[in-house]
Amino acid sequence: MKAKVAASVAAVAVLSALALTAGCTDGAADRADGTEAKDRRDTGRVLSTDQLRHAELGPREVPGFQIERASIGTAGHGKPRTDSAPCRPLVALLGSRPQPAPAASVVNTFAKAGDGHHFDGLLGTIRVSAYDRDGAAATLKQLRLAAAACADGFGMTTGEGEPQTFKAVQTLQPPSLGDEAVAYRLANAAEKAPSLVTVVRTGSNLSLFFATSLSDPEGVEIPRELVEAQVGKIEKLANAERVPTAPPSPSTLVAPEGGEAGDSVE
C-alpha cells in the first residue's frame, strides 16, 4: 500500500506541477483598519532540517489520512523554465530548486483513506521549508506580483523537459492561519484534474500543500484538518523557547500502523 501511494503521488506530480498564485490573507494578525500586520514570531531563527522534522505529521497523526515519507523531488523535479518573465516566480516554485532557495525543507505525501486499504483518489504533498532572513515573506510577495500578471495562465517546461500549459487560475479563499496565506485552483490544459495549492507562512517558514484527484476532479480539496495540523506544529516549533537540534527518534512519531515521516533537503 505504501509503495502504491508513493508511486501514485509521484505520477500526479508529473501530471500536475505545483504553482502558487494570488489569494492572500493575513492570519490571526489581521487588522480591521487594513494596516499591514506584523509578525509575532522571531524571524531571526532559521530551522535546520533536523529541527523541521519535529514539525512533520506522523503517518496516522491526522485521522483518515495516510502520510508518508517522500523525496524532495516529489514536490517538483529539477528547474522548470518559462519564456514569460512575469511568471518565473510561479514556475520556479514548481521544481526542487525554488527561488529564493529555502535553507531547509522536508516533504511528505498524503492520501485520503477510503474503505479498507483503498484510497478515495485524493492525493497530495506537504512541503515545509525554513528560510533565511526574509526569504519566506519575499517568496509570497514575488508570487503575488507574478500571479497578477499570469492569472490567465502560462506555459512552461518542467524540470524533466516536458511542455506544460496552465490555462486558468481561480483564486480561492485561503485559510486564516499563520501570518499570511495564499490559495488557488489551477486548470491544467492537458488534464481534467485541477491542482489545488495552499501556502501558509509562519514567520520565516512556509507550509505548502498540493492536492489533486484523478478519480474525482471536481471534488478535489486541500483538507483543512491537514493544514491546521501542519501549521499548528510548525507554529509551536517556531515559537518554542528551545528547539531540539537532533532529529526526533522513531518512537516519538505518531504511527500506530507503522510508516515513515519525513524526507528532507538542505
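Before any of the text, the structure's been laid out above.
All of these numbers come straight from a predicted model, not from anything done at the bench.

Rules used throughout
- Residues numbered from 1 in each chain as written.
- Predicted model: local features only at pLDDT ≥ 70, side-chain atom pairs only at ≥ 80, totals over all residues.
- Heavy atoms only, no water.
- Helix = DSSP H or I, 4+ residues; strand = E, 2+ residues; numbered from the N terminus.
- Buried < 20%, exposed > 50% of the residue type's maximum accessible area, 1.4 Å probe, protein only.
- Salt bridge = Lys/Arg side-chain N within 4 Å of Asp/Glu carboxyl O.
- Phe/Tyr/Trp six-rings, centres within 6.5 Å; stacked < 30°, edge-to-face > 60°.
- Pairing = 2+ DSSP bridges.
- Core = buried A, V, L, I, M, F, W, Y, C linked by side-chain atoms within 4.5 Å.
- Contact = heavy atoms within 4.5 Å.

A few points about unusual backbone geometry
Of note, the phi angle at R133 is positive, near 50°, even though the residue is not glycine. Along the chain, R133 falls in the loop between β4 (119–130) and α4 (135–150). The exposed category is assigned to R133, whose relative accessible area is 66%.

Regarding the pattern of salt bridges
Within the structure shown, the criterion is met by eight salt bridges. Residues K233 and E61 are paired through a salt bridge, measuring 3.2 Å at the closest nitrogen-oxygen approach. One end of the pair, K233, is in helix α5 (residues 224–239); the other, E61, is in the loop between α2 (49–52) and β2 (65–69), with 172 residues separating them in the sequence. When its relative accessible area of 28% is taken as the criterion, E61 is described as partly exposed. Its salt-bridge partner being R224, residue E228 comes within 2.7 Å of it at the nearest N-O pair. A residue pair is termed a helical-turn pair when its members lie 3 or 4 positions apart in one helix, as E228 and R224 do in helix α5 at four residues. Classification of E228 as partly exposed rests on a relative accessible area of 38%.

Focus on the packing of aromatic side chains
Evaluated as defined, the whole model comprises two aromatic pairs. A centroid spacing of 6.4 Å and a plane angle of 75° characterise the contact between F65 and F110, whose relative ring orientation is edge-to-face. Separated by 45 residues along the polypeptide, F65 in strand β2 and F110 in strand β3 (residues 104–113) bring together distant segments of the chain. Here F65 matches F110 in class, with each residue buried. Residues F154 and F166 carry aromatic rings whose centres are separated by 5.2 Å and whose planes lie at 55° to one another, so their mutual orientation is tilted. Linking F154 in strand β5 (residues 154–157) with F166 in strand β6 (residues 163–171), this pair joins segments that are twelve residues apart in sequence. In this structure F154 comes out as buried when scored by relative accessible area, which is 6%.

Considerations on the pairing of strand β9 (residues 205–213)
Of all nine residues that make up β9, nine are buried, and the element is covered over most of its length. Here β9 shows two buried faces, one formed by N205, S207, F209, A211 and S213 and the other by L206, L208, F210 and T212. Here strand β8 (residues 195–202) pairs with β9 via seven bridges, running antiparallel. Paired with T202 across the two strands is N205, which belongs to β9. If you look at the hairpin formed by β8 and β9, you'll find two residues sitting between the two strands, and G203 has a positive phi there, around 60°.

Thoughts on the nonpolar core
Among the nonpolar cores identified, the biggest contains 28 residues, and L47, L52, F110, L226, V227 and I234 are the most heavily contacted of them. For this core, the secondary-structure elements that each account for two or more residues are β2, β3, β4, β8, β9 and α5. No other element matches the five residues that α5 contributes to this core. Residues contacting V227, with those up to four places away along its chain left out, are P175, L177, V200, F209 and I222. Judged by nonpolar contacts, the second largest core, of 23 residues, contains A136, V199, L208 and F210.

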